[in-house]
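Fold and geometry: a report
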Number of protein chains: 2
Amino acid sequence: MHLDVAFLGFGNVNRALAQLLLRKASTLQTDYGITFNVVGIATHSRGRAINPAGLNLGDALERVTRGESLQPLGSGTEPPDTLEFITRCPADLFFEATPTNPRDGQPALSYVRTALGKGAHVVSANKGPVAFGYRELAALARERGVGFFFESTVLDGAPALGIGREGLPAAHIRRIRGVFNSTTNYILTRMEADGLDLEAAICEAQAIGIAETDPTLDVDGWDSAIKTVIMANVLMGADLRPSDVEPVGVGEITLERVRQAQADGKRIRLICLAERDQGAVRVSVRPELVSLDDPLASVSGTSSLIEYETDTLHRLTVIEHDPGPDTTAYGLLADMVNLARGRHLAA
Amino acid sequence: MHLDVAFLGFGNVNRALAQLLLRKASTLQTDYGITFNVVGIATHSRGRAINPAGLNLGDALERVTRGESLQPLGSGTEPPDTLEFITRCPADLFFEATPTNPRDGQPALSYVRTALGKGAHVVSANKGPVAFGYRELAALARERGVGFFFESTVLDGAPALGIGREGLPAAHIRRIRGVFNSTTNYILTRMEADGLDLEAAICEAQAIGIAETDPTLDVDGWDSAIKTVIMANVLMGADLRPSDVEPVGVGEITLERVRQAQADGKRIRLICLAERDQGAVRVSVRPELVSLDDPLASVSGTSSLIEYETDTLHRLTVIEHDPGPDTTAYGLLADMVNLARGRHLAA
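First, a word on scope: everything that follows refers to the structure included in this document.

Quick notes on the rules
Residues numbered from 1 in each chain as written. Chains lettered and ligands numbered in written order. Predicted model: local features only at pLDDT ≥ 70, side-chain atom pairs only at ≥ 80, totals over all residues. Heavy atoms only, no water. Helix = DSSP H or I, 4+ residues; strand = E, 2+ residues; numbered from the N terminus. Rg over C-alpha atoms; globule rule 2.2 N^0.38 Å. Buried < 20%, exposed > 50% of the residue type's maximum accessible area, 1.4 Å probe, protein only. Contact = heavy atoms within 4.5 Å. Areas by Shrake-Rupley, 256 points an atom, 1.4 Å probe, with all protein chains shown as cover. Lys, Arg positive; Asp, Glu negative; His and termini not counted. Charge placed at Lys NZ, Arg CZ, Asp CG, Glu CD. 1 Å grid on protein atoms, 1.4 Å probe; cavity = no way out; pocket = protein on both sides within 12 Å on 5 of 7 lines; lining within 4 Å. Points joined across faces, edges and corners; volume = space filled by probe spheres on them. Nonpolar A, V, L, I, M, F, W, Y, C, P; charged D, E, K, R; others polar. Arc of directions from axis to C-beta. Polar contact = N/O pair within 3.5 Å; in protein donor to acceptor, adjacent residues only side chain to side chain. Pairing = 2+ DSSP bridges. Axes fitted to C-alpha atoms, helices over the stretch in contact; angles between N-to-C directions. Least-squares fit on C-alpha atoms with pLDDT ≥ 70 in both. Buried area = accessible area lost by both parts, 1.4 Å probe. Salt bridge = Lys/Arg side-chain N within 4 Å of Asp/Glu carboxyl O.

Across its full length, chain A holds 14 helices and eleven strands. Against the compact-globule benchmark of 20 Å for 347 residues, chain A has a radius of gyration of 20 Å, which places it among compact chains. Projected onto the principal axes, the alpha-carbon positions of chain A cover approximately 65 × 45 × 35 Å. When the 347 residues of chain A are sorted by exposure, 61% land in the buried category. Partitioning the intrachain contacts of chain A with sequence separation of at least 6 by distance along the chain shows that 70% fall at a separation of at least 24. Approximately 13,200 Å² of chain A is accessible, and the part contributed by carbon and sulfur atoms is 45%. Charged side chains in chain A number 33 positive and 44 negative. The centres of these two groups are separated by 3 Å.

As structure tokens, this is what we get:
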């Protein structure tokens, strides 16, 4: 399978993907029969380039590193905005890694809708379109016979969605539970291990680039809520929105509560839950005490965890350790392979 | 896809599978387009029955529960042995769940070879054929265009092999590490938690049916060695045999060592390892000290754990909690679905 691909956004994740694609090009060809050509890159602040003959990915990475525009790599006039870029760019597959908008998923939701609508595959690391438009976008992809994959939206590149969709065939998922947000887990771990108070732990997380300048999306539980909704909607047939979760974040967690938990032989973790309850799926995000013997307690720093309870396997736990843009990029690459394997056709 | 299926062995695992097949028949048909008919069952002490028109699985389960022979469910003369049963039985798929022979994998290795050789699919929970004949049997299956699946051989029904084969596309597995043997983990946990000495912990494991009357296969590390070899050969391209592992079991673990580990903030676990080392794959099984913060320490009782280190995902941990014949049976069912999905054709 040959794929002409384009990047929507060229920040940490899509640049890590570009490097991974260069490194894995021969593996993709040898093991999966995939060849690819990059025909477009759209960025927020470095311009947009479309080149149907293919543009050099190494050049593009260097230009962005040097702070230069990508526009000269394009073969025609520069599209005025990303929607126009999507419409004009002759890509078979768009890698969507623009920032997540936690309020309504826009403008990425429109990007994905436009790309699928014109019959292109979409592989996305962006949680917004999935959390706010999964049913619509999945139906559109089916109708157009294309793939819409988004493994990297939960637990970075770990196959958290893949295990639920592909790895547990004929099983009925009763409950999904986990630690889905790296930033708050890092904060809680620093409070536990180093006796920092909440504010100091947030500062540390910001200093090493884990937390955003405005950390409220993570701290108040909204990132966790968005991921919980994705799991509930995709793996449990729910049709929820992040606001249905009414998340409780870690904003009220004091050092005293962390120390009291430790004195009781427990730890505080921000637990995401999606559970079947009388025909519906109940979701919640809130700090909970977990016993030291629970794998949830062993998740420290930026690592994440997901636990599936099913009617066939009683309980299966998956932990991703030490995520980063490179592991998120791997999820995008895995999606590309699953696309080439036709996994969307059977779904 | 319609499959005429037969059971080799009708002990705990294949009986649990029979019950699961009855329970999941409509899910298999609705979600995966699979219908099936049972055309044969071969047992060690309850006779052999072949019936090309289909035999009633509920009747078979009841007969075995009552201690009666299955032979009356057959439509012709009873095959004199299992090899003859395989030759005569018109099954598309054999579920192989006879006991594992840790010395050479026989006679199950011959059963699998015979079934694949006549062009039938094989789904096996038996570690012997895979540990002693993986390359030969996989090549034979490819040649005949049939599937040879064995998810249940490691971590029971959890997708430990599936994640490595399907869930981490284009990744290079550098190291696999884990706790693969339930019996020894249960023994170590009882020593830790209840202060039992080794002998008493083994007796308890026997009393609740986890350990065999002769527990040496587990205690001396051979079951772990067999599973380690399966992972190394299937997921890392090695061509090892269990004897290459030279396992160290838990036979020398004293209560004093367990207590010393606890005093040092650690736990003893029987660690299975397969690791790339200068072009080869190095394997070992031995008791090791693990820190309480390591997910390996959180695996207690009969639960098992596997950890993958790859060049793309740094580290991924999978834990199966509370396995039993029903979870092993689920691995067989998942293999059947993967067969119907044509997963063997892409491998």
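All names here are of chain A. Evaluated as defined, the whole model comprises one cavity of 30 Å³ or more. Lining of the largest cavity is provided by R48, A49, I50, Q71, G74, S75, G76, T77, E78 and P79. Class assignment of the residues belonging to the lining of the largest cavity gives a composition of three nonpolar, five polar and two charged.

The subject of this paragraph is helix α2 (residues 57-65) of chain B. For an α-helix the count is 3.6 residues per turn, leaving residues at separations of three or four pointing the same way. Residues and elements named next belong to chain B. The set of residues buried in α2 consists of L57, A60, L61, R63 and V64. Around the axis of α2, the buried residues are gathered within 160° of arc, so they sit on the same side. The inward-facing, buried residues of α2 contact β1 (2-8), α1 (12-32) and β2 (35-42). Capping the start of α2 is the job of one residue whose side-chain oxygen sits 2.9 Å from the backbone nitrogen of G58: N56. After α2 finishes, the residue G67 shows a positive phi value of roughly 80°.

All names here are of chain A. Bridge count between strand β8 (residues 266-277) and strand β9 (residues 280-291): twelve bridges; the pairing is antiparallel. Within the sheet, the bridge partner assigned to E275 lies in β9 and is R282. Counted between consecutive antiparallel strands, the loop separating β8 from β9 contains two residues, among which Q278 sits at a positive phi close to 50°.

In this section: the sheet that holds strand β7 (residues 173-179) of chain A. Strand order in the open sheet made by the ten strands is β9(A)-β8(A)-β7(A)-β10(A)-β11(A)-β11(B)-β10(B)-β7(B)-β8(B)-β9(B), with antiparallel pairing throughout. The sheet is open, and its two edges are formed by β9 of chain A together with β9 (280-291) of chain B, each paired on a single side. On average, each strand axis in the sheet is tilted by 15° relative to the strand beside it, whichever way the strands run. The strands touched by helix α6 (residues 160-167) of chain B are β7 (173-179), β10 (304-310) and β11 (315-321) of chain B; relative to β10 of chain B, the strand with the most contacts, the crossing angle is about 20°. Docked against the sheet, helix α7 (residues 182-194) of chain B engages β7, β8 (266-277) and β10 of chain B, running at close to 150° with respect to β8 of chain B.

Mapping chain B onto chain A leaves a residual RMSD of 0.0 Å; the transformation is a rotation of 180° accompanied by 0.0 Å of translation along its axis. The symmetry that links the two subunits is that of a two-fold axis. Relative to the rotation axis, the closest C-alpha in chain B is found at V318 of chain B, a distance of 2.3 Å. Comparing interface residues between copies, 100% of those in chain B also lie at the interface in chain A; the contact surface is shared.

Turning to the sheet that holds strand β4 (residues 93-96) of chain B, a few remarks are in order. All names here are of chain B. Taking strand neighbours across the sheet as the criterion, the six strands line up as β3-β2-β1-β4-β5-β6 in an open arrangement whose pairing is mixed. A single partner strand is all that each edge strand has here, and the edge strands are β3 (48-50) and β6 (148-149). In this sheet, β2 lies alongside β1 in parallel orientation, the contact comprising seven bridges. Of the residues in β2, the one forming a bridge with L3 is F36.

Attention now goes to the interface of chain B and chain A. In this assembly, 42 residues from chain B lie in contact with 42 residues from chain A. Summed over both partners, the interface of chain B with chain A buries about 3,600 Å², with 53% contributed by carbon and sulfur atoms. Scanning the region where chain B abuts chain A turns up ten salt bridges. The salt bridge involving D311 of chain B is made with K24 of chain A; its shortest N-O contact spans 2.6 Å. At the surface where chain B touches chain A, the tally comes to 28 residue pairs in polar contact (both at pLDDT 80 or more). For the side of chain B that touches chain A, the secondary-structure elements that each account for two or more residues are α1, α6, α12 (295-298), β11 and α13 (325-340) of chain B. For the side of chain B that touches chain A, the leading source of residues is β11 of chain B, giving seven residues. Partitioning the side of chain B that touches chain A into residue classes produces 19 nonpolar, ten polar and 13 charged. Bridge count for strand β11 (residues 315-321) of chain A against β11 of chain B is seven bridges, and the pairing is antiparallel. Counterpart to H321 of chain A in the pairing with β11 of chain B is R315 of chain B.

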